Amino acid sequence: MSPDTGLEWLIELRGRCSVMKVPCLRGNKPATIVFLKVNPMFFRPTKVALACAGIFATISTAQAQIDSELNPVVISATRSAQNMSEVLSSVSVITRADIEKTQSQDVVNILNSQPGLEINRTGAVGSATSIYLRGGNSNQTLMLLDGVPFSGEAASGAISSIEMIPVSQIERIEILRGNASAVYGSGAVGGVINIVTKQGGGKPRPEASISYGSNNSRNAYLGYAGEVGNTKFSISGNTQLTDGFNSINPKSFQDVNQSPNGFRSQSYRLSVIQNLGEGLTFGISSLANDSWTSLDGTSSSIDADYSNRQLKANSAYVKYAVNDRWLSQFIYSESDNKGQTFYNQYTPYDTNWNYVGTLRPSFSNSDSKDSHKKISWLNNYDVNSNNKLLFGYDQQRLLGQSRVSWAGSVNTVRDISSMYAGHTGSYGALTTQVNLRYDDIQDGESKTTWLAGLGYALDRNWKITSTYSTAFNAPTGGQLADISQGGNVNLRPEKSKSFESGLQYQNINNLAKLVYFKVDYQDLITPGNVRVSPCPFSDCGRYLVNTSNASNDGLELSWRSNLPLGTLRLSYTRQNPQDDITGTMLLNRAKEFGAVEYSYPIGALEVGGKLVASGYRYTPDAYSGATTKTGGYSTYSAYMAYRYDKEWTVRFSAENLTDKEYYQIHGYNAAPQMFFLGLRYQPK
């Protein structure tokens, strides 16, 4: 081989150069110094040095990949980039590599192993899903898609349809636990979940994947992304279909349609980023999803209910680097969440609810549309290398439309104007964070929230952190105006105070954090004692009021480790979610839950497994609604990936290996044993 290729010098490098990595501190942050030494005895030292430098670059690239998985960059905590080990609040990141390992079919299975986070789902893929962070209600977690809120305005609260987002479009998920209203405003009480979709970059190349599995599940993805000149782009589409499984267990309710509940979904994603020069960047993004879900009717065994849902999220922004310290952004974003539900039921009751004995058709429907439009001016200013400022202004408009065929329609509009500022500082071993925000809510109570955080590096491995914060959750338009659901114009925002203190350990192969948290929820919105009157149909229930208080305290443990024989991910939560009025456990929350995942590479093959476990909880029964103790459970899954060559990868996964029958909500079946086989094409 020609010496000019450099290959012969790589072969002869043993003894001619050496590489040594030494742990150190950069300021108060763990870092690594890499020393490269070239033996001067050898002739043509320049060429040897160049070859050694090539090895150095390879090692640096590999180490960067390890660091990005173990200690990834987080933006959600402060709205500016930080490594996860630098964040004072409790935070988790699910990377694209984490997602691809398990071959999860939907975002719910990806989230179910995170500390402080619980999930309840009413059956198969595509069915209604509730997420509880730090014991907060499901409408107290702010859901973002590329930073765009997509919560609802219905009387049930600001609940988001996270189950509609296709896994193939996701690049990473950031989970911020605890009060974050001082950064994001209303809704960020239990925390924030920001789903970040794929962006373009590098050499333009296609990407494709297909999979097939249990319940006739099919999934196909096709994308093309890259960078041409000053333009980064990404375009992709995804189709998912499954016959599903029966959502309601007949043991809970016999008069239910026993057929499987299928799901169909189609989505597209577009992203373009244009560097205009002179510090100016322009970007647009768009995601749309259209889905159909079969539902279990509860009037007879021949019911055929179903729902159609559409989710859209669009944004456009201009970034301008005013100078080398000041980055200013103007952002417009909007999200639309539409739903139509059709109740094709057969009932033994007449129109006046008199029992007649024989089944007769009873058709009804409902539909809703929630829109969130937002204009933001966001600024990041570096005073110096140790002090960073955040300040900005948001103007939001929230629109809600709902209609049911038996009760009429409700339309609501709310405007929210917000100003916010924040500071992060680093002073040797000491780090600080302060945030302050004011939200002026139309036809509602305006709120000021704050967050104060402190961190101290004990040495290059150990660090202690602490934060204290406030948050609020404004009543939705439906909670204020929808009389058919107990709407009350006198409702006030729900409030929260949170304290947490953490102990963090980090070295080159480990990042672990143990957090104690305590959170108090006040003025929670619940049905009161006064019945709605007049009511447009037979029973509207009771007016909503601010009468409930709740609290939660406990421990969260997270550990990410690159072991000599594989990678380990572990999480564990022990908590005490309590209704302070009755002294009972909050519904749908367990006192303890956790997960452990381990994967091991064997050449081109990688194998792994995951255990997810949860203790008992109290949930409403699927049929009667009565509070029922629902037993704990543990499920096992396994996965395998074989890289056939640089472009093709075959993946296999098995979920619920022991075919465990369990409930997340009493009466609603959880996923049975399922197997999936997939093929992925991704050129380098």
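Residues numbered from 1 in each chain as written. Predicted model: local features only at pLDDT ≥ 70, side-chain atom pairs only at ≥ 80, totals over all residues. Heavy atoms only, no water.

A. Layout of unusual backbone geometry. Here D523, not a glycine, exhibits a phi torsion of approximately 55°, which is positive. Turning to its location among the elements, D523 is positioned in strand 26 (residues 510–531). Judged by relative accessible area, D523 falls into the buried class, the value being 16%. Its identity is not glycine, yet N588 carries a phi of approximately 70°, on the positive side. (Helix = DSSP H or I, 4+ residues; strand = E, 2+ residues; numbered from the N terminus. Buried < 20%, exposed > 50% of the residue type's maximum accessible area, 1.4 Å probe, protein only.)

B. Examining the confidence of the model for the protein chain more closely. Here the protein chain averages 85 in pLDDT, and 84% of its residues register 70 or above. A low-confidence stretch, residues 1–30 stays under pLDDT 50, and its non-local contacts, those more than four residues away or across chains, total 68 contacts. (pLDDT = per-residue confidence, 0-100. Contact = heavy atoms within 4.5 Å.)

C. Summary view of the nonpolar core. Formed by 25 residues in total, the largest nonpolar core has its most connected members in V107, L111, L117, I173, I175, I193 and I195. Of all the secondary structure elements, the ones that give two or more residues to this core are helix 4 (107–111), strand 6 (117–121), strand 7 (129–133), strand 8 (141–145), strand 10 (170–177), strand 11 (191–197) and strand 17 (305–321). With 4 residues, helix 4 is the largest single contributor of residues to this core. In this structure, I195 is in contact with V107, L144, L145, D146, I162, I165, I170, R172 and I173, ignoring residues within four places of it in sequence. (Core = buried A, V, L, I, M, F, W, Y, C linked by side-chain atoms within 4.5 Å.)

D. Local environment of a nonpolar patch on the surface. On the surface, a nonpolar cluster with roughly 1,100 Å² of combined accessible area is contributed by I210, Y636, M640, Y642, Y644, W648, V650, F652, L657, F675, L677 and L679. When residues of the nonpolar patch are traced back to their parent elements, those giving at least two are strand 34 (633–643), strand 35 (648–655) and strand 36 (674–681). Its place among the elements puts L677 in strand 36. When its relative accessible area of 49% is taken as the criterion, L677 is described as partly exposed. (Patch = residues over 30% accessible without salt bridge, like charges linked within 9 Å, V, L, I, M, F, W, Y side chains within 5 Å. Areas by Shrake-Rupley, 256 points an atom, 1.4 Å probe, with all protein chains shown as cover. Salt bridge = Lys/Arg side-chain N within 4 Å of Asp/Glu carboxyl O.)

E. The arrangement of the sheet that holds strand 8 in detail. An order of 5-10-11-8-9 is seen for the 5 strands of this open sheet, with the pairing classed as mixed. Looking at which strands have only one partner, the edges of the open sheet turn out to be strand 5 (91–94) and strand 9 (148–149). By the bridge criterion, 7 bridges tie strand 10 to strand 11 in an arrangement that is antiparallel. Its bridge partner lying in strand 11, I173 is registered against I195. (Pairing = 2+ DSSP bridges.)

F. Examining the pattern of salt bridges more closely. Scanning the entire structure with this criterion turns up 25 salt bridges. Between E100 and R96 there is a salt bridge, and its shortest N-O distance comes to 3.3 Å. With a gap of 4 residues between them, E100 and R96 both fall in helix 3 (residues 96–102), about one helical turn apart. For the residue pair E100 and R96, the accessibility class agrees, reading buried in each case. Residues participating in the shared-partner salt-bridge network are R96, E100, K198, E207, R651 and R680.

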